[in-house]
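Single-letter residue listing:
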Amino acid sequence: MRLIHESLSLMREHRRAYRLLNVMAYGLLVLGMAIGMLFPEVTASQRTGLQASGDADLVTSLLSSPWLFALTILAVNIGRIIVATIVVPSLVIPFSGIAVFAYFAVTTGMTLAPVDTATRISLIPHVPTMVIEFQAYVLMMLGAYVLGRAWLRPATVGQQSHRRGYLGGLRRMAWLALAALALLVAGAVYEALSLVYLLPVVFGLLAP
């Protein structure tokens, strides 16, 4: 209950930033999809890179084990996106994780652009995944914003030195990180189960 209280309190305190980060995250995702639809060769290039990195093969190899698949999705979302994309840059340069995530959101949209029938059908069960996971990313970007603000203006967290402001910002970021983790767990479980069980049903009903 304290996790919910602390997270909601921070969201209310920084409601304007929270709203703007939501608009940015989902807006850039949609923008990336629009770019991919206008320039299909960009989407093809993104997907080729995904194949070359081995990510696509990893997904295929794990489809027979939904719970292992869910754990893998969770690990990738935490390590590659939450930690490497948002948190680490923000620990070094204030707010920089938000800028790095903006690039990630656009390229993700380009990769998921519904340029063919198979992708359009796949997006139907995948939309809840995107909504849940991107909300987790928004919470972490809010954490990056709170950290950067406390670091540069310690008085906003009741501190006088930049060092104490940084530490105060980290504590607030940690509460948002726990809330983001809860969303990522839910998103990973849904994504794994939807790919293994729901997607074949949707394809069976809608595929030409």
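In case you missed it, the structure is sitting above this.
In this text, all values refer to a predicted model and were calculated from it rather than measured experimentally.

Rules behind the numbers
- Residues numbered from 1 in each chain as written.
- Predicted model: local features only at pLDDT ≥ 70, side-chain atom pairs only at ≥ 80, totals over all residues.
- Heavy atoms only, no water.
- Salt bridge = Lys/Arg side-chain N within 4 Å of Asp/Glu carboxyl O.
- Helix = DSSP H or I, 4+ residues; strand = E, 2+ residues; numbered from the N terminus.
- Buried < 20%, exposed > 50% of the residue type's maximum accessible area, 1.4 Å probe, protein only.
- Polar contact = N/O pair within 3.5 Å; in protein donor to acceptor, adjacent residues only side chain to side chain.
- Contact = heavy atoms within 4.5 Å.
- Expected span 1.5 Å × (residues − 1).
- Phe/Tyr/Trp six-rings, centres within 6.5 Å; stacked < 30°, edge-to-face > 60°.
- 1 Å grid on protein atoms, 1.4 Å probe; cavity = no way out; pocket = protein on both sides within 12 Å on 5 of 7 lines; lining within 4 Å.
- Points joined across faces, edges and corners; volume = space filled by probe spheres on them.
- Nonpolar A, V, L, I, M, F, W, Y, C, P; charged D, E, K, R; others polar.

### Details of the pattern of salt bridges
Side chains that differ in charge, positive against negative, can pair when their charged atoms come close.
Then, number 1: Summed over all chains, the structure comprises one salt bridge.
Then, number 2: The shortest N-O distance in the salt bridge between R47 and D116 comes to 3.4 Å. Within this pair, whereas R47 is found in helix α3 (residues 40-53), its partner D116 is found in the loop between α6 (96-112) and α7 (117-152), the two being separated by 69 residues in sequence.

### As for the side chain of S96
Then, number 1: Position of S96 among the secondary structure elements: in helix α6.
Then, number 2: A relative accessible area of 15% means that S96 is categorised as buried.
Then, number 3: A distance of 2.6 Å separates the side chain of S96 from the backbone oxygen of P89, its partner in a polar contact.
Then, number 4: Excluding residues that lie within four positions of it along the chain, S96 makes contacts with P89 and S90.

### A short note on helix α2 (residues 15-38)
Then, number 1: Helix length check: α2, at 24 residues, gives a terminal C-alpha distance of 34 Å against a target of 34 Å (1.5 Å per residue), a fit within 8%.
Then, number 2: Three or more residues of α2 are buried, namely A17, Y18, L21, N22, A25, L29, G32, M33 and G36.

### Side note on the packing of aromatic side chains
Then, number 1: Summed over the entire model, instances satisfying the criterion amount to nine aromatic pairs.
Then, number 2: Taken together, a centroid distance of 6.1 Å and an interplanar angle of 35 degrees make the contact between F95 and Y145 tilted. With F95 in the loop between α5 (66-92) and α6 and Y145 in helix α7, this pair connects stretches of sequence that are 50 residues apart.
Then, number 3: Take Y145: its relative accessible area is 25%, and that puts it in the partly exposed class.
Then, number 4: Ring centres of F101 and F104 lie 5.5 Å apart, and the angle between their planes is 45 degrees; on these two criteria the pair is classed as tilted. Remark: F104 and F101 occur in helix α6; sequence separation between them is three residues, near one turn of the helix.
Then, number 5: Here the aromatic cluster, defined as three or more aromatic residues joined through ring pairs, consists of Y26, F101, F104, F134 and Y137.

### Considering empty space enclosed by the protein
Then, number 1: In this structure the tally under the stated criterion is one cavity of 30 Å³ or more.
Then, number 2: Computed from the structure, the largest cavity encloses a volume of approximately 40 Å³.
Then, number 3: What lines the largest cavity is E13, H14, V146, R149, A150, T156, V157 and R172.
Then, number 4: Residue contributions to the lining of the largest cavity peak at three residues, all from α7.
Then, number 5: In the lining of the largest cavity, the residues fall into three nonpolar, two polar and three charged.

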